[in-house]
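# Observations on the three-dimensional arrangement
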Amino acid sequence: MVQPKNISWSKTKKNVEEIITKYNYYTLSVDNGISSISNDFILDKIYFETAENPYMKVNVEELKNRADFINYVRSSFNKLTSDERKIVYWTYFDKENNYDDRFIANNLGFSLGYYYIKKKETLIRFAFSLGVEEKDDRKN
């Protein structure tokens, strides 16, 4: 893997994981649950629809902002390669199955060591797609 120079791995990974966490929470309030993952692991854009729900305390503008954020993450996710999308989806988005690294590596036909290299590369590429990569400020 050729990692871009001057990228802080720990800060970049933290940024990506924060966005994914926010995405997972926002999908609970905005996504109507109809969208599912296809065989090519492409995530569909969601369309915001206002729902009259007297119990919901979040205003319509905030819900629209959440839908926009979800679509931003999905668009960035869809730019990744098929294997990269699988790594991100199984590691961070699929909350039903709770896959471990061995399962994902085996499913992709990777050794566990190669999988860890590929996972790091995937998160860096996802960070660039999201626009949240962090520079390493340390002097060499």
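One numbering rule holds for all chains: residues counted from 1, following each sequence as written. The predicted origin of the model limits local features to residues at a pLDDT of at least 70 and limits the giving and counting of side-chain atom pairs to 80 or more, whereas totals for whole chains, interfaces and linings rest on all residues. Only hydrogens and water are set aside; all other atoms, that is, all heavy atoms of the structure, feed into the side-chain values.

## Quick notes on the overall build of the protein chain
- Counting secondary structure elements, the protein chain contains 5 helices and 0 strands.
- Reading the protein chain from its N terminus to its C terminus gives the helix and strand order α-α-α-α-α.
- Here the term buried applies to any residue with accessible area under 20% of the maximum for its type, exposed to any over 50%, and partly exposed to those in between, with areas from a 1.4 Å probe on protein chains only. Residue burial in the protein chain is summarised as follows: out of 140 residues, 36% are buried.
- Accessible areas in this description were obtained via Shrake-Rupley with a 1.4 Å probe; residue shielding takes into account the shown protein chains only. Within the structure as shown, the protein chain displays about 9100 Å² of accessible surface, and the carbon and sulfur contribution to it stands at 47%. A run of DSSP states H or I qualifies as a helix once it reaches four residues; a run of E qualifies as a strand once it reaches two. Both are numbered from the N-terminal end.

## A closer look at the pattern of salt bridges
- When a carboxyl oxygen of Asp or Glu lies within 4 Å of a side-chain nitrogen of Lys or Arg, that pair is called a salt bridge. In total, this model carries 7 salt bridges according to the counting rule given.
- Residues E84 and R125 are paired through a salt bridge, measuring 2.6 Å at the closest nitrogen-oxygen approach. Here the residue E84 occupies a position in helix α3 (residues 82–93), and R125 occupies one in helix α5 (residues 112–130), the gap between them amounting to 41 residues.

## Observations regarding the packing of aromatic side chains
- To pair, rings of Phe, Tyr and Trp, with the six-membered ring standing in for Trp, must have centres within 6.5 Å; the planes then decide the type, stacked if under 30 degrees apart, edge-to-face if over 60, and tilted in the middle. The final tally for this structure, using the stated rule, is 13 aromatic pairs.
- On the numbers, 6.4 Å between centres and 75 degrees between planes, the contact of F77 with F126 is edge-to-face. Taken together, the positions of F77 in helix α2 (residues 60–78) and F126 in helix α5 put the pair 49 residues apart, joining distant regions of the chain.
- Using a relative accessible area of 0% as the deciding quantity, one classes F126 as buried.
- Centre to centre, the rings of W90 and Y99 are 5.9 Å apart; their planes meet at 70 degrees, and the pair counts as edge-to-face.
- Exposure remark for W90: the relative accessible area of 10% places this residue in the buried category.

## Regarding the environment of W90
- Structurally, W90 can be placed in helix α3.
- In this structure, the C-alpha to C-alpha distance between W90 and D100, residues 10 residues apart in sequence, is 8.5 Å.
- When neighbours within four sequence positions are excluded, W90 is seen to be in contact with F41, Y99, I104, N107 and L108. Note on contacts: a residue pair qualifies if any of its non-hydrogen atoms lie within 4.5 Å across the two residues.

## Topic: the nonpolar core
- Ranked by internal contacts, the top residues of the largest apolar core, which has 32 residues, are V16, V73, F77, V88, F93 and F126.
- Counting residues per element, the ones that place at least two in this core are α1 (9–30), α2, α3, α4 (101–108) and α5.
- Apart from residues no more than four positions distant in its own chain, F77 is found in contact with F41, L43, R85, V88, Y89, F93 and F126. Among the buried residues, those of types Ala, Val, Leu, Ile, Met, Phe, Trp, Tyr and Cys that are joined through side-chain atoms within 4.5 Å form a nonpolar core.

## Section: the confidence of the model for the protein chain
- For every residue, the predictor reports its confidence as pLDDT, a number between 0 and 100. On average, the protein chain scores 87 in pLDDT, and the residues at 70 or more come to 86%.
- The least confident element of the protein chain, judged by mean pLDDT, is α2 at 92; the most confident is α5 at 97.

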